[in-house]
Amino acid sequence: MYKYDQYDQAMVDTRVAEFRDQTARRIAGKMTEDQFKPLRLQNGLYLQLHAYMLRVAVPYGTLSSAQMRVLGDIADKYDRGYGHFTTRQNIQYNWIKLDEAPDILADLAKVEMHAIQTSGNCIRNISSDQYAGAAADELVDPRPYAELLRQWSSFHPEFLALPRKFKIAVIASDTDRAAMRLHDIGIQIVRNSAGELGCAFYVGGGMGRTPMIAPLIRDFVPLDQLITYSEACLRVYNRYGRRDNKYKARIKILVHEIGKEEYSRQVEEEFAHLLAQGIEPPIAELERIIPYFADPAYEAGASDTLDRSDPDFALWVDHNCHAHKQPGYMIATISLKPVGGIPGDASADQIRLMADLGRDYSFDELRVTHAQNIVLPHVRKADLHALWQALDAAGLGTPNLDAIGDIIACPGLDYCSLANARSIPIAQKISERFAAQDRSDRIGELKLKISGCINACGHHHAGHIGILGVDRKGTENYQLSLGGCEGADTSLGQITGPGFSEDGVVDAVEKVTDVYLANKQGEERFLDTYRRIGMAPFKEALYD
Amino acid sequence: MTEVQLRFRDDAPVNDPALPLGSLSEASNAAAVRIEPGEDARALLPHLDRIKLVEISFPAFTDGRGYSSARILREAGYTGELRACGDVLVDQLGLMRRCGFDSFAPAAPLDVADAEVALSRWADVYQAAADGRAPIWKKRHG
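Residues numbered from 1 in each chain as written. Chains lettered and ligands numbered in written order. Predicted model: local features only at pLDDT ≥ 70, side-chain atom pairs only at ≥ 80, totals over all residues.

A.B. asks: Residues and numbers for the overall build of chain B, please.
C.D. replies: Secondary structure summary: chain B contains 4 helices and 6 strands in total. The helix and strand sequence of chain B, counted from the amino end, reads β-β-β-β-α-β-α-β-α-α. For chain B, whose C-alpha radius of gyration is 15 Å, the value lies close to the compact-globule estimate of 14 Å for 142 residues. For chain B, the C-alpha atoms occupy an extent of roughly 50 × 35 × 30 Å along the three principal directions. Here chain B holds 142 residues, and the buried ones make up 43% of them. Of the contacts made within chain B by residues no fewer than 6 positions apart, 55% connect residues no fewer than 24 positions apart. (Helix = DSSP H or I, 4+ residues; strand = E, 2+ residues; numbered from the N terminus. Rg over C-alpha atoms; globule rule 2.2 N^0.38 Å. Buried ≥ 20, exposed ≤ 12 C-beta atoms within 10 Å, placed from the backbone. Contact = placed C-beta atoms within 7 Å.)

A.B. asks: Outline the overall build of chain A, listing residues and values.
C.D. replies: Within chain A one finds 17 helices and 20 strands. In summary, chain A has a C-alpha radius of gyration of 23 Å against a globular reference of 24 Å for 544 residues, a match within 12%. Taken along the three principal axes of its C-alpha coordinates, chain A extends 60 × 60 × 55 Å. In chain A, buried positions account for 56% of the 544 residues. Sequence separation of 24 or more characterises 68% of the internal contacts of chain A that already satisfy a separation of 6 or more.

A.B. asks: Tell me about the sheet that holds strand β13 (residues 345–347) of chain A, and please be specific about residues and values.
C.D. replies: All names here are of chain A. With respect to topology, 5 strands assemble into an open sheet ordered β1-β2-β5-β4-β13, the strand pairing being antiparallel. In this open sheet, the two strands that pair with only one neighbour each are β1 (45–47) and β13. Ignoring which end each strand starts from, the neighbouring axes of this sheet average 30° apart. Relative to the sheet, helix α3 (residues 65–78) contacts β4 (82–85) and β5 (91–96), its axis offset from that of β5 by approximately 10°. Together, β1, β2 (52–56) and β5 form the strand contacts of helix α4 (residues 101–109), whose direction differs from that of β2 by roughly 15°. (Pairing = 2+ DSSP bridges. Axes fitted to C-alpha atoms, helices over the stretch in contact; angles between N-to-C directions.)

A.B. asks: Could you give me a rundown of the confidence of the model for chain B, with the residues and numbers involved?
C.D. replies: Scored by pLDDT, chain B comes out at a mean of 95, with 98% of its residues at no less than 70. On the interface metric, ipTM, the complex scores 0.97, and its pTM is 0.95. (pLDDT = per-residue confidence, 0-100.)

A.B. asks: Explain the sheet that holds strand β2 (residues 19–20) of chain B to me, and be specific about the residues and the numbers.
C.D. replies: Residue and element names in this part refer to chain B. Strand order across the open sheet formed by 6 strands is β1-β6-β5-β4-β3-β2, with mixed pairing between neighbours. Two strands lie at the open edges of the sheet, namely β1 (6–7) and β2, each paired on one side alone. By the bridge criterion, 4 bridges tie strand β3 (residues 32–35) to strand β4 (residues 53–58) in an arrangement that is parallel. The residue bridging Val33 from the neighbouring strand is Val54, located in β4.

A.B. asks: Give a detailed account of unusual backbone geometry, specifying residues and quantitative values.
C.D. replies: All names here are of chain A. The backbone of Glu112 shows a phi angle near 60°, a positive value even though the residue is not glycine. Within the secondary structure, Glu112 is located in the loop between α4 and β6 (127–128). Glu112 sits in the partly exposed class, given 18 other C-beta atoms within 10 Å. Unlike most non-glycine residues, Gln117 shows phi in positive territory, near 55°. Along the chain, Gln117 falls in the loop between α4 and β6. The class for Gln117 is buried, based on 26 C-beta atoms found within 10 Å.

A.B. asks: Hey, could you go over the nonpolar core for me, with residue numbers and the actual values?
C.D. replies: Among the nonpolar cores identified, the biggest contains 195 residues, and Leu54, Val170, Phe201, Val203, Cys233, Ala332 and Met354 of chain A are the most heavily contacted of them. Here this core gets 8 residues from one element, more than from any other, and that element is helix α6 (residues 226–240) of chain A. (Core = buried A, V, L, I, M, F, W, Y, C linked by C-beta atoms within 7 Å.)

A.B. asks: So, the interface of chain A and chain B: which residues are in play, and what are the values?
C.D. replies: With 34 residues of chain A in contact, the opposing surface of chain B contributes 29 residues. Put simply, the parts of the chain that give the side of chain A that touches chain B at least two residues each are α1 (6–27), α2 (33–41), α5 (143–153), α6 and α9 (283–289) of chain A. Per-element accounting of the side of chain A that touches chain B gives the leading share, 8 residues, to α1 of chain A. In terms of residue class, the side of chain A that touches chain B is made up of 15 nonpolar, 9 polar and 10 charged. (Nonpolar A, V, L, I, M, F, W, Y, C, P; charged D, E, K, R; others polar.)

A.B. asks: Break down the pairing of strand β17 (residues 448–451) of chain A for me, with residues and values.
C.D. replies: All names here are of chain A. Side chains Leu448 and Ile450 project from β17 onto one buried face, and the interleaved Lys449 and Ser451 project onto a second face that is buried too. Two elements, strand β16 (residues 408–409) and β17, share 2 bridges in a ladder whose sense is parallel. Bridging across to β17, Ile408 finds its partner in Lys449. Pairing analysis gives 4 bridges linking β17 to strand β18 (residues 465–472), with the strands arranged parallel. Bridging from a neighbouring strand, Ile450 pairs with Ile467 of β18.

A.B. asks: Please provide a residue-by-residue account of the packing of α3 of chain A against helix α11 (residues 348–361) of chain A, values included.
C.D. replies: Residues and elements named next belong to chain A. One can describe the packing of α3 onto α11 by two numbers: an axis separation of 8 Å at closest approach and a directional angle of 170°. The orientation of α3 with respect to α11, classified from their angle, is roughly antiparallel. Every residue of α11 that contacts α3 at Ser65, Met68, Arg69, Leu71, Gly72, Ala75 and Asp76 is listed here: Ala348, Ile351, Arg352, Met354, Ala355, Asp356, Gly358 and Arg359. Grouping the amino acids of the contact of α3 with α11 by side-chain chemistry returns 7 nonpolar, 3 polar and 5 charged. (Parallel < 35°, antiparallel > 145°, perpendicular 65-115°, else oblique.)

A.B. asks: Would you mind going over α11 of chain A in detail, with residue names and values included?
C.D. replies: All names here are of chain A. Under the 1.5 Å per step criterion, the end-to-end length of α11 is 20 Å for 14 residues, consistent within 8% with the ideal 20 Å. Looking at α11, one finds that the buried residues are Ala348, Gln350, Ile351, Arg352, Leu353, Met354, Ala355, Leu357 and Gly358. Phi for Phe363, located one or two positions after α11, is positive at around 50°. (Expected span 1.5 Å × (residues − 1).)

A.B. asks: I'd like to hear about the environment of Tyr126 of chain B, residue by residue, with values.
C.D. replies: Relative to the helices and strands, Tyr126 of chain B is located in the loop between α3 (112–119) and α4 (136–141). Take Tyr126 of chain B: there are 21 C-beta atoms within 10 Å of it, and that puts it in the buried class. For the pair Tyr126 of chain B and Asp91 of chain B, spaced 35 residues apart in the sequence, the C-alpha separation amounts to 18 Å. Excluding anything up to four places from it in sequence, Tyr126 of chain B contacts Gln151, Trp152, Ser154 and Phe155 of chain A together with Pro135 and Ile136 of chain B.

A.B. asks: Tell me about helix α7 (residues 251–258) of chain A, and please be specific about residues and values.
C.D. replies: All names here are of chain A. Restricting attention to buried positions, one finds in α7 the residues Ile251, Lys252, Ile253, Leu254 and Val255. Those residues of α7 hidden inside the fold are in contact with β9 (197–203), α6 and α8 (260–275). Gly259 sits one or two residues past α7 and shows a positive phi near 90°.

A.B. asks: Which residues make up the pairing of strand β14 (residues 365–368) of chain A, and what values do they have?
C.D. replies: All names here are of chain A. Here β14 shows two buried faces, one formed by Glu365 and Arg367 and the other by Leu366 and Val368. Bridge count between strand β3 (residues 62–64) and β14: 3 bridges; the pairing is antiparallel. The partner of Ser64 across the bridge, within β14, is Glu365. Between β14 and strand β15 (residues 374–380), which pair antiparallel one after the other, the connecting turn spans 5 residues, and Gln372 there sits at a positive phi close to 70°.

A.B. asks: Got a sec to walk through the environment of Arg367 of chain A? Specific residues and values, please.
C.D. replies: Residues and elements named next belong to chain A. You can see Arg367 is positioned in strand β14. When the C-alpha atoms of Arg367 and Thr513 are compared, they prove to be 31 Å apart, with 146 residues separating the residues in sequence. Among all residues touching Arg367, those that are not within four sequence positions of it are Gly61, Thr62, Gln130, Ile374, Val375 and Pro377.

A.B. asks: Please give an account of the packing of α5 of chain A against α6 of chain A that cites residues and values.
C.D. replies: Packed helices, taken two at a time, are described by the angle between their axes plus the distance between the axes. Residues and elements named next belong to chain A. Two elements in contact, α5 and α6, have axes separated by 11 Å at closest approach and are oriented at 55°. Classified by the interaxial angle, the pair formed by α5 and α6 is oblique. In the crossing of α5 with α6, the sense of the turn from one axis to the other is right-handed. Across the interface between the two elements, Tyr145, Leu148, Leu149 and Trp152 from α5 touch Leu226, Ile227 and Ser230 from α6. When its residues are assigned to classes, the contact of α5 with α6 shows 6 nonpolar, 1 polar and no charged. (Left-handed = near helix turned anticlockwise from the far one by under 90°.)

Below, the structure is given as structure tokens:
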């Protein structure tokens, strides 16, 4: 994985010193809270309901075991012994003191980490495919391109006071595991008919209160123009994105209002102008970055057989392991969704254990997924059983990847100052309702996503079943939607009808799964059945 | 008009009142112009050869359109004074310098010592911008 050189290290060290100075000036009363707020946000620090929350960047979701270990230590030293992995492949701490925040950033900088631009109206942490470098279906590893974009977007002087936040995802396979088209910019690395690599740009996707699937703006940007084209996309947005209403300020609204043809025309014009400005790093910079993401030293001839005699182990492998491009290896996902647990939460001890397991079984590497789980990307099949035993003993062996218990949920009203309703207790009740393994297995792949407000941090629009918490006359009320999906066949969920109470929505989810099981044909997943039979039978079961 | 507190130029200050961008075509001799956030800096390009001062207005420091306006003017070859006016704060000075501003007229005077620290903090930069600084990729590859 990527290693900082002296320049990268100096940049994060300087950032720590800068934020220490800014915090001191704020505490000394030399800045108002309004003046300080964008500065702290761009260092990942939110003021939440009960305390400050710090969001640490995990660029493209990739971590070394040393970095993971420090994340566990921070949970102990500065928080209440927990970390919360997020849908943006980051980690958040919910109980932070303002005056300790610069010390946390200094601890992070020692292991080449930071919280730069994890919040605020700027280009956020770049996300990517959690199976990058390991998946059998990828064209190339997308992460070097994400790293190039990380450096370009960090402290970009023109783009730190954008109309609104700006999220970029980079993938390099046709199977989209990063919800690429639900980002402000989604980039897919592709090969053109001449055999050259380049970037397809999708611009103007997003969730929030107006979910949009990003249209294709340009099918091929040569690799040596990637930064210049990105800069053109951002400049048009910075100049013309709406600033009169924060709910209409994302780039998706601009692209929607002027149309993708007009937006791309403006980008092309700016791009032509910027190409003459010499802002593109030389291709040698990309070539410098790429070797950091070279394959690890796989064992040649590693055994490709798996002893499945332990049924619990076999169950976990079937649910949580994914094919690897290298014979004899698999990609293992650690579910952070135990029955009745808080989705994405891990204790300091669990985080350190995962760090050790990444070191011992996965060439020192771990990934955070946008579904709030942890991936060990390169595990020998021969080591899988030992890995599973260690995970299972620590409560990390839940075999429910992509099943109904693998719920994405935002922090909701338990923590978040924006939320209208709680998300976590709903997730806990649903996972308890479907806790029986045979029941979950009958339902199969079902992506259930819960947001505690319209900002949609829990990605409910993209859930096969989505739940949105709203405030209705002072009571929490939950709207149900069906048929959302991220990936190559991205679709947005449709609302079933009137909302439900907290317990009512758990019953409603059960009714919906019953309709699916009664109508399922052959190997259909929930989503397939829904797409075939439509909303009507579900509505009938829910409201008649 | 607010007073210039910081200036990074050796030439004599321009004292002409800055005219609104929209009135420029009639006032053909004007040497100073003011650009508001919603205005297109490129409308100024036909007149650039006689302009000596461009004031870019920041009614709120959170509105970043002025950063793009500044870079667009520098990219078009404008070498006159480029002044940031209004809600200009210590922690935005360095970014504004990178986008080509070379004078500052903050609505509320800045702490001079804090401003100096902020302006000299970053030894290196990741991007090419309007200040001619060599980005890190340039230093890596020559």
